[in-house]
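# Breakdown of the fold
Below, each chain spelled out in residue letters.
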Amino acid sequence: MARRGASSGGAGARKRSDRKAGNRAASAVEEKTGGRAERGAGRGGRRAEPLAEPVDGSLAELVPDRERPRAWTLTLDGAPQSHVDLDDPTFLSFEYQRRIGHIADLVAPPGQPLHVVHLGGGAFTLARYIAATRPRSTQQVVELDAALVQLVRRELPLDPQARIRVRATDARAGLGKIQDGWADLVIADVFSGARTPAHLTSTEFLAEVRRVLKPGGSYVANLADGPPLTHLRGQIATAAAVFPELALAADPTVWRGRRFGNAVLLASDLPLKVAELTRRVATDPHPGRVEHGRALADFTGGAAAVSDADAKPSPAPPRSAFG
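Residues numbered from 1 in each chain as written. Predicted model: local features only at pLDDT ≥ 70, side-chain atom pairs only at ≥ 80, totals over all residues. Heavy atoms only, no water.

### A look at unusual backbone geometry
Our working rule: The helix and strand labels rest on DSSP assignments: H or I over at least four residues marks a helix, E over at least two residues marks a strand, and numbering proceeds from the N terminus.
Each neighbour pair has its own omega, and for P227 with P228 the value is 5°, a cis peptide bond. Here the phi dihedral of D77 falls at roughly 50°; this positive angle occurs in a residue that is not glycine. Inspection of the secondary structure assignment puts D77 in the loop between β3 (71–76) and β4 (79–85).

Shown next, in the form of structure tokens:
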């Protein structure tokens, strides 16, 4: 979670994992005061213990998962950011990451390698997932927090055979260095202090995303908002000003404006596989709902697209969103 207003892989308040995963992480954090996780083996077969280390303005912690021997939850200032299972990188614990995983599965035939840009790194959970499900994919991760990148590389090392390049720079600056039409998929999961920075919420930013995408490529964003969903409506309107095809997946309680949470936005210049995405999201452990077309346009309620001149960060989550 970068503190300088640029890129970081996620913010725990808006990363509502499924309740079981969240409870595991919370229990493990509590147990760290005892100096040892209940279960789990670290590198070399040793019993895993929580590890805390300062990064860019935050305290990062790696908390062992008691139910999966080589799995860890990354937290920043106590808020869950990413969950990684080194033995099974296809396992996605967080609800919103499973939805992005569904999208990654649907953008091309199974197993076909992709060119992917990740804006926000965290523990590289989705990059690991794509490397495992689509071998020979080429991926670029843009993450501002260099200290966090070093921590994750050291403690949760990437597969040396995976074609994953990590750049420690601002998300929009890093995007600007990628050539036109390179990416099949751009994934934005960028938060600073639990808020998406303003310069990553505008039509100008999305124009850069579209420049980087191949024709027919897909853009996916993890968005966070709560009642009255003003930010979310504005982001849909902003995406609609740049991309002709949109869909949004979210928990029904988020759709109804009953709580702060995540919504996954999908955008492209070609028709989306909405029916299959809807089926997968509906059959998740915590089912979500997908909207597109007229229903999604109506949901925006006439919200205006956001430009650089009037862009604002996403709203800060309430304290209750952390647990």
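### What about the sheet that holds strand β1 (residues 51–54)?
Put simply, the rule reads: Note on pairing: two strands pair once DSSP finds at least 2 bridges between them. Here an angle of 0 to 180 degrees is reported between the N-to-C directions of two axes, which are lines fitted to C-alpha atoms, with helices fitted over the stretch in contact.
Strand order in this open sheet of 4 strands is β1-β2-β3-β4, and the pairing throughout is antiparallel. Only two strands of the sheet have a single neighbouring strand rather than two, namely β1 and β4. Put simply, the sheet's adjacent strands are angled 20° from each other on average, direction ignored. Sheet topology note: the β3/β4 ladder contains 6 bridges and is antiparallel. Residue pairing across strands places A71 opposite D85, the latter belonging to β4.

### Focus on the sheet that holds strand β8 (residues 183–188)
To keep it simple, the criterion reads: Pairs of residues are marked as contacts when any of their non-hydrogen atoms sit within 4.5 Å.
Pairing is mixed in the open sheet, where 8 strands are placed in the order β7-β6-β5-β8-β9-β11-β10-β12. One side of each edge strand has no neighbouring strand; the edge strands of this open sheet are β7 (163–167) and β12 (289–292). Direction aside, neighbouring strands of the sheet carry axes that sit 15° apart on average. Direction of pairing for strand β9 (residues 213–225) relative to strand β11 (residues 261–268): antiparallel, over a ladder of 8 bridges. Bridge pairing links S218 to S268 in β11. Across the sheet, helix α7 (residues 230–240) lies against β9, β10 (245–250) and β11, angled at about 170° from β9, the strand it touches most. With respect to the sheet, helix α9 (residues 274–282) is in contact with β10, β11 and β12, its orientation differing from that of β12 by roughly 160°.

### Topic: the pattern of salt bridges
The condition that has to hold: Every case where a carboxyl oxygen of Asp or Glu lies within 4 Å of a side-chain nitrogen of Lys or Arg is listed as a salt bridge. Only protein chains enter the calculation, and the probe is 1.4 Å; a residue is then buried if its accessible area is under 20% of its type maximum, exposed if over 50%, and partly exposed in between.
With the rule as written, the count across this model stands at 19 salt bridges. In this structure, D308 and R172 form a salt bridge, with 2.9 Å as the shortest nitrogen-oxygen distance. Separated by 136 residues along the polypeptide, D308 in the segment after α10 (293–299) and R172 in helix α5 (residues 171–176) bring together distant segments of the chain. Given a relative accessible area of 35%, D308 falls into the partly exposed group. Salt bridges sharing common partners tie together E95, R98, R99 and D284.

### Side note on helix α4 (residues 146–155)
Rules: What the arc describes is the spread of directions from the helix axis to the C-beta atoms. Here a polar contact means two N or O atoms within 3.5 Å. Within protein one must be a hydrogen donor candidate and the other an acceptor candidate, and residues neighboring in sequence count only if both atoms are side-chain atoms.
Among the residues making up α4, those that are buried are L148, V149, L151, V152 and E155. For α4, the angular spread of buried residues about the axis comes to 165°, placing them on one side. Among the structural elements, β1, β2 (59–64), β3, α3 (125–133) and β7 are those in contact with the buried residues of α4. If you check the start of α4, you find a side-chain oxygen 3.3 Å away from the backbone N of A147, and it comes from D145.

### Points about empty space enclosed by the protein
As a reminder of what qualifies: We place a 1 Å grid over just the protein atoms. Points where a 1.4 Å probe fits but has no way out form a cavity, open points with protein on both sides within 12 Å along at least 5 of 7 lines form a pocket, and any residue with an atom within 4 Å of a point lines it. Grid points are joined across faces, edges and corners, and a volume is the space filled by probe spheres set on the points. In this classification, the charged set is Asp, Glu, Lys and Arg, the nonpolar set is Ala, Val, Leu, Ile, Met, Phe, Trp, Tyr, Cys and Pro, and all remaining amino acids, among them Gly, are polar.
Evaluation of the coordinates by the stated rule reveals 3 cavities of 30 Å³ or more. Of the volumes computed, that of the largest cavity is approximately 140 Å³. What lines the largest cavity is a set of 14 residues, among which L200, Y219, A221, L223 and Q235 lie closest to the centre. With 4 residues, β9 is the single largest residue contributor to the lining of the largest cavity. Its residues assigned to classes, the lining of the largest cavity shows 10 nonpolar, 4 polar and no charged.

### Quick notes on the packing of helix α2 (residues 95–106) against α3
Pairs of packed helices are described in terms of their axes, by the angle between the two and the distance that separates them. For clarity, the threshold we go by: By definition, turning the near helix anticlockwise from the far helix through less than a right angle yields a left-handed crossing, and turning it clockwise yields a right-handed one.
Taken N-terminus to C-terminus, the directions of α2 and α3 make an angle of 35°; their axes are 11 Å apart at the nearest point. Note on packing geometry: the crossing formed by α2 with α3 is right-handed. Contacts from Q97, I100, G101, A104 and D105 in α2 reach T125, L126, Y129 and I130 in α3. Considering only residue class, the contact of α2 with α3 consists of 5 nonpolar, 3 polar and 1 charged.

### Quick notes on the packing of aromatic side chains
Note the threshold: Any Phe, Tyr or Trp ring, taking Trp's six-membered ring, that has another such ring centre within 6.5 Å forms a pair; planes under 30 degrees apart are called stacked, those over 60 apart edge-to-face, and the others tilted. Note on geometry: a ring has a charge over it if NZ (lysine) or CZ (arginine) is within 6 Å of the ring centre and within 35 degrees of the ring normal.
The final tally for this structure, using the stated rule, is 3 aromatic pairs. Pairing F205 with Y219 gives two aromatic rings, centres 6.5 Å apart and planes at 75°, and the pair type is edge-to-face. Linking F205 in helix α6 (residues 203–212) with Y219 in strand β9, this pair joins segments that are 14 residues apart in sequence. On the numbers, 4.9 Å between centres and 80° between planes, the contact of W255 with F299 is edge-to-face. Residue W255 is located in helix α8 (residues 252–255), and its partner F299 is located in helix α10; the two are separated by 44 residues in the primary sequence. The positively charged end of R68 is found above the aromatic ring belonging to F91, 3.6 Å away from the centroid. In this arrangement the basic side chain of R233 is found over the ring face of F299, its NZ or CZ atom lying 4.5 Å from the centre.

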